[in-house]
Amino acid sequence: MLVRTLAEVEDTDADIKSENWRSKRIILAKEGVGFSVHETTLYAGTESFFWYANHIEAVFITQGEGTIEDLATGEIHELAPGTLYLLNDHDKHKVRPRTEIKCVCVFNPPVTGREVHDENGVYPLITEDA
């Protein structure tokens, strides 16, 4: 059994910070469970473009409000506590938080913690050596 707190992740290599967001990677590929789990904070008034071409991501909003735009269709969805969105088709999207948003994100395949978004908003597929 693994038990880990956010405090144990904060300010480590698993705590990734950018201008628009902060992602605390709680469970990573090295745990060998087939997914990763992150607590992500999206900062109010920002706009972030993402495209997980190599991953499926589920996001559950626990705090804050904003919108997510499906860039293939132009459809805009409201985000609020209790909302989950699933990027099950590697959807290109933009997230626009009106207030600070906190969410729990699950990635498959799991991220290693070393990924950086490229110019297309894509995480490369990095795997852990067994």
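Residues numbered from 1 in each chain as written. Predicted model: local features only at pLDDT ≥ 70, side-chain atom pairs only at ≥ 80, totals over all residues. Heavy atoms only, no water.

- As recorded in an unreviewed UniProt entry, the chain goes by L-ectoine synthase and comes from Brachybacterium paraconglomeratum.
- Comment text from UniProt for the chain, heading Catalytic activity (unreviewed entry), reads "(2S)-4-acetamido-2-aminobutanoate = L-ectoine + H2O".
- What the UniProt record of the chain gives under Pathway (unreviewed entry) is the line "Amine and polyamine biosynthesis; ectoine biosynthesis; L-ectoine from L-aspartate 4-semialdehyde: step 3/3." (UniProt positions renumbered as here; feature names shortened; annotations may be inferred.)

**Details of the layout of surface pockets**
- Reported here for the largest pocket is a volume of approximately 150 Å³.
- What lines the largest pocket is a set of 13 residues, among which I68, D70, H77, Y85 and L87 lie closest to the centre.
- Within the residue set of the lining of the largest pocket, elements represented by two or more residues are β6 (66-70), β8 (84-87) and β9 (92-97).
- Looking at the lining of the largest pocket residue by residue, the class counts come to four nonpolar, four polar and five charged. (1 Å grid on protein atoms, 1.4 Å probe; cavity = no way out; pocket = protein on both sides within 12 Å on 5 of 7 lines; lining within 4 Å. Points joined across faces, edges and corners; volume = space filled by probe spheres on them. Helix = DSSP H or I, 4+ residues; strand = E, 2+ residues; numbered from the N terminus. Nonpolar A, V, L, I, M, F, W, Y, C, P; charged D, E, K, R; others polar.)

**A word on the pattern of salt bridges**
- Inspection of every chain in the model, using the stated rule, returns 10 salt bridges.
- Between E31 and R4 there is a salt bridge whose closest N-O contact spans 3.6 Å. Note that E31 is positioned in the loop between β2 (21-27) and β3 (36-42) and R4 in the segment before α1 (6-9), a separation of 27 residues in sequence.
- Members of the salt-bridge network, linked through shared partners, are D11, D15, K17 and R22. (Salt bridge = Lys/Arg side-chain N within 4 Å of Asp/Glu carboxyl O.)

**Notes on the sheet that holds β9**
- The strand order β4-β9-β6-β7 describes an open sheet built from four strands, whose pairing is antiparallel. Bordering the open sheet on either side are β4 (48-51) and β7 (76-79), each of which pairs with just one other strand. Here the strands of the sheet are splayed against their neighbours by 25 degrees on average, with no regard to which way each runs.
- With five bridges connecting them, β6 and β9 associate as antiparallel partners. Its bridge partner being in β9, T67 is matched across the sheet by R96. (Pairing = 2+ DSSP bridges. Axes fitted to C-alpha atoms, helices over the stretch in contact; angles between N-to-C directions.)

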